[in-house]
Amino acid sequence: MEFDPATEVPERESVPAEYRWNPDALFDGWGDWRREYDRVSASVDSYAADGDPVTGAGMLAETLDRYNALHERVLVLHMYAYLHVLQDRSDDHAKTRLGEAEDLESRLEDAASGIEPAIQAMDADRLDAFCETNRLATYDRYLDDVRRQVEHTLSPETESALAKLERPLRSPARVLDTLTNEAFDAPEVERPDGETVAVTSHTRTRLLRHENRAFRERVDRAFLAELAEHRHASAQAFADHVERGVVLADLRGYDSSLDATLGGGFSVAGYEALVDGIRDSLDPFHRHLEQYRGATDGDDLRLWDVQVSLAAGESPTIPYERACDLAVEAVAPLGEAYQNRLAEFLDSDRVDVFETERKQSDMRAMNVTADGGGSFVHLNYKNDLRSLYFFVHELGHAMHQSLYSEAQAHVNASYPGHVVEIPSFVHEALLTDHLLSGGVDARYRDHVVETVLGKLPLRVGAQWSSFVRAVHDAVESGEHLSAERLDELYGDVQSEFLAPVDLEPRDDHRWLVQQLSRDPHFSYRYLVGICGALTVADRLRSGDLSSETYRGFLRAGESEPTGALFERLDLDYASGRPVKRALDTYDRYVDELA
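Keep in mind it's a predicted model, so treat the numbers as computed, not measured.

## Focus on the sheet that holds strand β5 (residues 374-379)
One open sheet accounts for three strands, arranged β3-β5-β4; its pairing is mixed. The sheet is open, and its two borders are formed by β3 (351-352) and β4 (365-370), each paired with just one other strand. The pairing of β3 with β5 spans two bridges and is classified as parallel. Looking across to β5, one finds that Val 351 is bridged to Val 377.

This is how it looks when you write it as structure tokens:
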């Protein structure tokens, strides 16, 4: 390659094709996409015109079959447009097509909005009789969920109205996405050698590891100042985003938006055991922050100091090809068939490897998936250990999708929300085992440990969850959330979680650095994932959990309740054991790095 991925952001066309994903694996260009769109659109209109016949088991099954077949096709149309937007945020044609796909999905949901209220209105004995027919066996889990959610389902008219409003209701998230991508003008900062470098969401992390402290400060100040250019707009959009969740939760009769997010599938007790368990055990995180005082030249400890490397010597350079080899080697405990499946995925032109001009820049990595379309992995790979961990993490999602899509019908072929991050962090835990047992040269051990500490999102996840809890308390009490009020709330949380750091007023703006367009409660899933994955990795090592049992968990998709999936892995979050296991691991690595 003619560019350095660690420091340069090239034009997309200059990146060799083998490092770019190929959306045309889904459609043979936009003309083919348009023809499929027209076919699906006509079928959605026909489906809507037919209404929702649920007068018998056969008719109900036919209605659900038609909906799921159309839904699968709509998701693939959406995926194709979304991949093009991700690779070039300035592609207005792709954005327009993405909007069309979103509107088509809303039309389908509107057409199907009467099904669940009709099912819930059925006599229980009659519905049980329906469920006993072979024709509806595929929908057992779905029908159980529908009946369980009866108290949160609204009238057919209201459900139809909400389906029509879904895209407008997502507008705050789209605004936040735009503010952190198209509206973000990456500042340029002078390096110690006199050259200038652009500070993006991804180059920033690496630049903050530079040994020159004055340079680190310039990088940090420039990046945060650019984000703060739209601070008030971001605050308004985030407040609207939060309020949307609060209002919809209230409308559906949930106690809170958190209650709606958990949906009964994950207990509030389990959530509190995770967040409060970490919040009550901040000592190892504070000890780790204190380790960075050596990088301050005797001055106060600032947030631009806590990315610098504490490990001696240069960190290993890991080209993408070596990263692929390490990823396959690391998952050996999951079996040869699993390794072969992963290797086949890596050879399928479904990974977009490097950061390029106009590519989505507010995330290091993401797995884009749709039943019927498979998975595509979006990276901003920098040839370093941290990039390797992000890569392996997303491959965990891709393998999860590959296995459940193969085993399940469309209705059950998706990520169960509460367990979604377990497979990704299992990959990370297995990678750590592999690297520390010879996957890289022993002289890089401290670099691996340091990277693992940065990738265990315990403090970060609990810190964000605590901030979101405070934000929701404010919204639910009718408070207006200005930029200044968000600064105040975030500053209070930072003071607790980052106690060893000498914070300054502008640090209160750092809520702007987060992925604000996501579900505000998203971070609990990472806490579930890392705490569960470390327990799973332990049990795989000891032989208490077989690779076959673990693969069965992956294949299950959404065909089983969350509790049953946790039972497969012997995970009990309310007991506090998973979070204690994770805290012990973090504590041990802090001691090793000392």
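So, next bit.
## Brief notes about the packing of helix α18 (residues 422-439) against helix α22 (residues 523-542)
Running from amino to carboxyl end, α18 crosses α22 at an angle of 50 degrees, the nearest separation of the two axes being 8 Å. Viewed along their axes, α18 and α22 adopt a mutual orientation that is oblique. The two elements α18 and α22 cross, and the hand of that crossing is right-handed. Every residue of α22 that contacts α18 at Ile 422, Phe 425, Val 426, Ala 429 and Asp 433 is listed here: Tyr 526, Val 528, Gly 529, Ile 530, Ala 533, Leu 534, Val 536, Ala 537 and Arg 541. Here the contact of α18 with α22 is composed, by residue class, of eleven nonpolar, one polar and two charged.

## Regarding the pairing of β4
Summarising burial for β4: five of the six residues are buried, a large majority. Taken together, the six bridges between β4 and β5 define a ladder with antiparallel strand orientation. Counterpart to Met 366 in the pairing with β5 is His 378. The turn linking β4 back onto β5 is made up of three residues, and Gly 372 within it adopts a positive phi angle of 100 degrees.

## Points about the environment of Ser 375
With respect to the element layout, Ser 375 can be found in strand β5. Taking relative accessible area as the criterion, Ser 375 reaches 3% and is therefore assigned buried. As a C-alpha pair, Ser 375 and Arg 350 span 25 residues in sequence and 7.2 Å in three-dimensional space. Residues in contact with Ser 375, not counting those within four places in the same chain, are Phe 345, Arg 350, Asn 367, Val 368, Thr 369, Ala 398, Gln 401 and Tyr 415. Only 3.4 Å separates the side chain of Ser 375 from the side chain of Thr 369, close enough to count as a polar contact.

## Details of the environment of Asp 544
Considering the arrangement of structural elements, one finds Asp 544 in the loop between α22 and α23 (547-555). In this structure Asp 544 comes out as exposed when scored by relative accessible area, which is 56%. Engagement of the side chain of Asp 544 in a polar contact is seen with the side chain of Ser 542, the distance being 3.1 Å.

## Quick word on the packing of aromatic side chains
Counted according to the given criterion, the structure contains 29 aromatic pairs. Aromatic pair Tyr 19 and Tyr 320: ring centres 6.1 Å apart, planes at 75 degrees, arrangement edge-to-face. In this pair, Tyr 19 sits in the segment before α1 (29-50) while Tyr 320 sits in helix α15 (residues 320-330), placing the two residues 301 residues apart along the sequence. For the pair Tyr 19 and Tyr 320, a shared accessibility class is recorded, and that class is buried. Considering the side-chain rings of Trp 464 and Phe 467, the 5.1 Å spacing of their centres and the 50 degrees angle between planes classify their relative orientation as tilted. In this pair, Trp 464 and Phe 467 are both assigned in helix α20 (residues 458-476), three residues apart and thus about one turn of the helix distant. In this structure, Trp 464 and Phe 467 share a single accessibility class: buried. Cluster of aromatic residues (ring-pair linked, three or more members): Phe 238, Phe 425, Trp 464, Phe 467, Tyr 490, Phe 522 and Tyr 526. Sitting over the face of the ring of Tyr 37, Arg 34 holds its NZ or CZ atom 4.9 Å from the ring centroid.

Rules used throughout
- Residues numbered from 1 in each chain as written.
- Predicted model: local features only at pLDDT ≥ 70, side-chain atom pairs only at ≥ 80, totals over all residues.
- Heavy atoms only, no water.
- Pairing = 2+ DSSP bridges.
- Helix = DSSP H or I, 4+ residues; strand = E, 2+ residues; numbered from the N terminus.
- Axes fitted to C-alpha atoms, helices over the stretch in contact; angles between N-to-C directions.
- Parallel < 35°, antiparallel > 145°, perpendicular 65-115°, else oblique.
- Left-handed = near helix turned anticlockwise from the far one by under 90°.
- Contact = heavy atoms within 4.5 Å.
- Nonpolar A, V, L, I, M, F, W, Y, C, P; charged D, E, K, R; others polar.
- Buried < 20%, exposed > 50% of the residue type's maximum accessible area, 1.4 Å probe, protein only.
- Polar contact = N/O pair within 3.5 Å; in protein donor to acceptor, adjacent residues only side chain to side chain.
- Phe/Tyr/Trp six-rings, centres within 6.5 Å; stacked < 30°, edge-to-face > 60°.
- Lys NZ or Arg CZ within 6 Å of the ring centre and 35° of its normal.

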